[in-house]
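A look at the structure
Next come the chains, spelled out residue by residue.
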Amino acid sequence: MSLLNDAQRNAVAELLRVSPLADELGRRFGAAGHELHLVGGSVRDALLGRLGDDLDFCTDARPEQTLALVQGWADAIWETGREFGTIGVQKSGLRIEITTFRAEAYDGVTRNPVVSYGTSLLDDLERRDFTINAMAVSLPGHEFTDPFGGLKDLAAQVIRTPAAPSLSFGDDPLRMLRAARFAAKLGFTVDNSVINAMRDMAPDLDRITAERIRDEFTKLLCGADPILGLRLLVDTGVADRFLPEISGLKLEIDEHAQHKDVYEHTLIVVQNAMRLEGEGGPDFVLRMAALMHDVGKPATKAVGRDGRVSFHHHEVVGARLTKQRMKAMKYPKDITSEVVELVALHLRFYGYGRGEWTDSAVRRYVTDAGPLLPRLHKLTRSDVTTRNKRKAANLAADYDALEERISRIEAEEDLARVRPDLDGNAIMELLGVPPGPIVGQAWRYLKELRLDRGPLTHDEAEAELFKWARDNGHVA
């Protein structure tokens, strides 16, 4: 136990101000002869002045004892984490998790943690991932426990492990990814001993389920500084275990420097995309699309006779690789399809400034992007990383012009809901056919016509339908 300094006293005061129920809960456990401590991220965030509405506690009470103590007190209780010793509680708008002291480890073969209950607070803190998450405040006594120097590391903005990094990562290899995630979230430096262990033990990440890796990586990419975390993962080889396409962007620069460093370009695009997110907060789909938009380049790199480097159709290859990778990481299909579509579309804009785009091309651009159009705008603008100020200004002006043109056509034609000028019922009635393939073929033909020519009058649409039907042998 250490005496509270001013920072620690302020942290405790912040905890009790935000959570006046903490002492009340502590007294319930104390009356039953049990310890209760606010622990981990809650203490860390209080010290950083950013405590939220989610509070973590640990106790020597077993889950069934915890359940008995919170019943009649909590507004809601859930037991989804009971097999890991955790009981969830909701009280007055706060989400509280109370976990029995634990000793958790991997056996080196299985992918899931083996959980056994510990007997002391110190043992529990020692098995936590990093020193900044291994501090506790007792309730209701308000004693501060910091056996591994977490407060010092918090002040120095350093990420270290309570035990030797090799032991910590051996217990749970996912902590290597968590080190990068906390660097991204907090902007902290990772201790050299931790970095060295990540390099040595990166293959151990293969023991972890795709779902756990996915969740941790998503938090990293949505952090305040994901570039810091991404660099750490690539430099240590950890990224190669679950997202090798990113390290693969480090293409060798040819002797004439005919293409930019794709890896560095990609990190800049992610940063650019973050600046365009707006007030909605981190946009995982946009950030992931920015990260993956050029992953097709290594496979499509070609050097012509004139020495020029090209990456023809890298957006098509990149979309396929992105789909495969996100499927392997078990991302939901809807999230995956959005990221894949953005990767596939990210080059469509180029060529607009040469005056080649007709109104039909603009309609197709909007229709193909659909609800992803706002994100596609942001991704396309983010992809401009040239140091040539004139070129950058010209591209920005071209995209401004495209957006203005889209707005004009949308105002005239409602591009968000482009449909054929005749619906399925009208097609069946005019052609005298039942529901079936012919109706679908005619509908698609009329939609293509609508995209090419804009809105048709009813008479024009009928005439085009009958012409299509005659040409395809559906009417005499």
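See the structure above.
Below is a short write-up of the structure. If you're wondering where the values come from, they're calculated on a predicted model, not measured in any experiment.

**Structural notes on unusual backbone geometry**
- Residue proline 140 is reached from leucine 139 by a cis peptide bond, and omega for that bond is 5°.
- Among the structural elements, proline 140 can be located in the loop between β8 (136–138) and β9 (144–145).
- Look at histidine 142: it is not a glycine, yet its phi comes out positive at around 65°.
- The topology assignment puts histidine 142 in the loop between β8 and β9.
- Despite not being glycine, lysine 330 shows a phi value in the positive range, around 65°.
- Tracing the chain through its elements places lysine 330 in the loop between α16 (314–328) and α17 (333–345).
- Assessed through its relative accessible area of 42%, lysine 330 is described here as partly exposed.

**Concerning the environment of threonine 266**
- Note on placement: threonine 266 falls in helix α13 (residues 262–275).
- Assessed through its relative accessible area of 2%, threonine 266 is described here as buried.
- For threonine 266 and alanine 290, which are 24 residues apart along the polypeptide, the C-alpha to C-alpha distance reads 7.0 Å.
- Leave out the neighbours within four places in its chain, and threonine 266 touches Leu249, Ala290, Leu291, His293 and Asp294.

**Some points on the pairing of strand β1 (residues 36–39)**
- Side chains Leu36 and Leu38 of β1 all project onto a buried face; the interleaved residues His37 and Val39 project onto the opposite face, where all are buried too.
- Relative to strand β2 (residues 54–59), β1 is paired through three bridges, and the arrangement is antiparallel. Bridging from a neighbouring strand, leucine 38 pairs with phenylalanine 57 of β2.
- Pairing of β1 with β8, which is carried by three bridges, proceeds in the antiparallel orientation. Directly across from leucine 38, in β8, lies its bridge partner valine 137.

**Here we look at the side chain of arginine 128**
- Examined against the element boundaries, arginine 128 turns out to sit in the loop between α5 (121–126) and β8.
- In contact with arginine 128, not counting residues within four places along its chain, are Val39, Gly40, Cys58, Asn133, Ala134, Pro162 and Arg175.

**Section: the sheet that holds β1**
- Ordered in space as β3-β4-β5-β2-β1-β8-β9, the seven strands form an open sheet in which the pairing is mixed. Because the sheet does not close on itself, it has two edges, and the strands there are β3 (76–78) and β9.
- The pairing of strand β4 (residues 86–91) with strand β5 (residues 94–100) spans six bridges and is classified as antiparallel. Of the residues in β5, the one forming a bridge with valine 89 is isoleucine 96.
- Contacting β2, β3, β4 and β5, helix α4 (residues 63–70) crosses the sheet at an angle of about 15° to β4.

The rules behind each value
- Along each chain, numbering runs from 1 in the same order as the chain's sequence is written.
- Note on the predicted model: pLDDT of at least 70 is required for a residue's local features to be given, and 80 or more for side-chain atom pairs to be given and counted; whole-chain, interface and lining totals, by contrast, use all residues.
- Computation of side-chain values covers all heavy atoms of the structure but excludes hydrogens and water.
- Helix numbers and strand numbers start at the N terminus; a helix is a DSSP run of H or I with at least 4 residues, a strand a run of E with at least 2.
- Here's how the labels work: a residue is buried when its accessible area is under 20% of the maximum for its type, exposed when over 50%, partly exposed in between, all with a 1.4 Å probe on protein chains only.
- Working rule for contacts: check all heavy atoms of both residues, and any pair within 4.5 Å makes them a contact.
- In this analysis, strands are considered paired if DSSP registers two or more bridges between them.
- Inter-axis angles, ranging from 0 to 180 degrees, are taken between N-to-C directions of lines fitted to C-alpha atoms, where helices are fitted over the stretch in contact.

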